Amino acid sequence: MTIKTHTDPGDAKPRPIHTSVDHAFGGGMRYIANNIRKLLSGFSDFIRDSDDFISKVSKLALPSDCVITRIDDKEFFMSGKIDEIVSLLEPAFEQSERKALVSLASHILSNQYV
């Protein structure tokens, strides 16, 4: 459970989080994440982090009436069918390692290690 300390008064409440530290799948998860990053790097509209967002927005010519909003997922839980998510990941893996990494990704998603 966690409670955000920067939440508006009266809006703070405990909420479950999926988290673990130093588990056996950490290395495999990093390897999978690195492969996914390579796959996504070809998409110019993908935003990696806040710095990437700032860099991309600063290059835009925005009209004076433009409004930029922020969305915060308060109750984030993974959604989607695991087999569908894994099938989207497959192109990120080399053919020689695909079977093993698909199996690992399926296991990680089934148990929601983060």
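Note: the structure precedes this text.
This one's a predicted model, so the numbers in the text were calculated from it and none came from an experiment.

Attention now moves to the nonpolar core. In this structure, M29, I32, V86, L89, A92, F93, L101, V102, A105, I108 and L109 together form the largest nonpolar core, which totals 11 residues. In contact with I32, other than residues within four places in its own chain, are F93, L101, L104, A105 and I108.

A few words now on a nonpolar patch on the surface. Taken together, I47, F53, I54, L60, L62 and I68 make up a surface patch of nonpolar side chains, about 540 Å² in accessible area. Along the polypeptide, L62 turns up in the loop between α2 (50-58) and α3 (82-89). Relative accessible area serves as the criterion here: at 42%, L62 is assigned to the partly exposed category.

This part takes up the environment of K81. Mapped onto the secondary structure, K81 falls in the loop between α2 and α3. For K81 and L109, which are 28 residues apart along the polypeptide, the C-alpha to C-alpha distance reads 9.7 Å.

With that out of the way, let us pick up the packing of α3 against helix α4 (residues 95-111). Packed helix pairs are specified by the crossing angle of their axes together with the interaxial distance, meaning the distance between the axes. For the pair α3 and α4, the least separation of the axes is 10 Å and the interaxial angle reads 140 degrees. Classified by the angle between their axes, α3 and α4 sit oblique to one another. Between α3 and α4 the crossing geometry is right-handed. Note on element contacts: α4 touches α3 through V102, A105, S106, L109 and S110, opposite I82, I85, V86 and L89. Residues that form the contact of α3 with α4 fall into these classes: 7 nonpolar, 2 polar and no charged.

Bringing the pattern of salt bridges into the picture now. One pass over the full model with this rule turns up 1 salt bridge. Of the charged contacts, one joins D52 and K56 as a salt bridge, the two residues approaching to 3.3 Å between their closest N and O atoms. One end of the pair is D52 and the other is K56, both in helix α2 and 4 residues apart, which spans about a single turn.

Packing of helix α1 (residues 26-40) against α4 brings their axes to within 11 Å, and their N-to-C directions diverge by 115 degrees. Classed by the angle they form, the pair α1 and α4 counts as roughly perpendicular. Here α1 runs over α4; the crossing is left-handed. Across the interface between the two elements, G28, M29, Y31, I32 and N35 from α1 touch E97, L101, L104, A105 and I108 from α4.

What counts, and where the lines are drawn
Residues numbered from 1 in each chain as written. Predicted model: local features only at pLDDT ≥ 70, side-chain atom pairs only at ≥ 80, totals over all residues. Heavy atoms only, no water. Core = buried A, V, L, I, M, F, W, Y, C linked by side-chain atoms within 4.5 Å. Buried < 20%, exposed > 50% of the residue type's maximum accessible area, 1.4 Å probe, protein only. Contact = heavy atoms within 4.5 Å. Patch = residues over 30% accessible without salt bridge, like charges linked within 9 Å, V, L, I, M, F, W, Y side chains within 5 Å. Areas by Shrake-Rupley, 256 points an atom, 1.4 Å probe, with all protein chains shown as cover. Salt bridge = Lys/Arg side-chain N within 4 Å of Asp/Glu carboxyl O. Helix = DSSP H or I, 4+ residues; strand = E, 2+ residues; numbered from the N terminus. Axes fitted to C-alpha atoms, helices over the stretch in contact; angles between N-to-C directions. Parallel < 35°, antiparallel > 145°, perpendicular 65-115°, else oblique. Left-handed = near helix turned anticlockwise from the far one by under 90°. Nonpolar A, V, L, I, M, F, W, Y, C, P; charged D, E, K, R; others polar.

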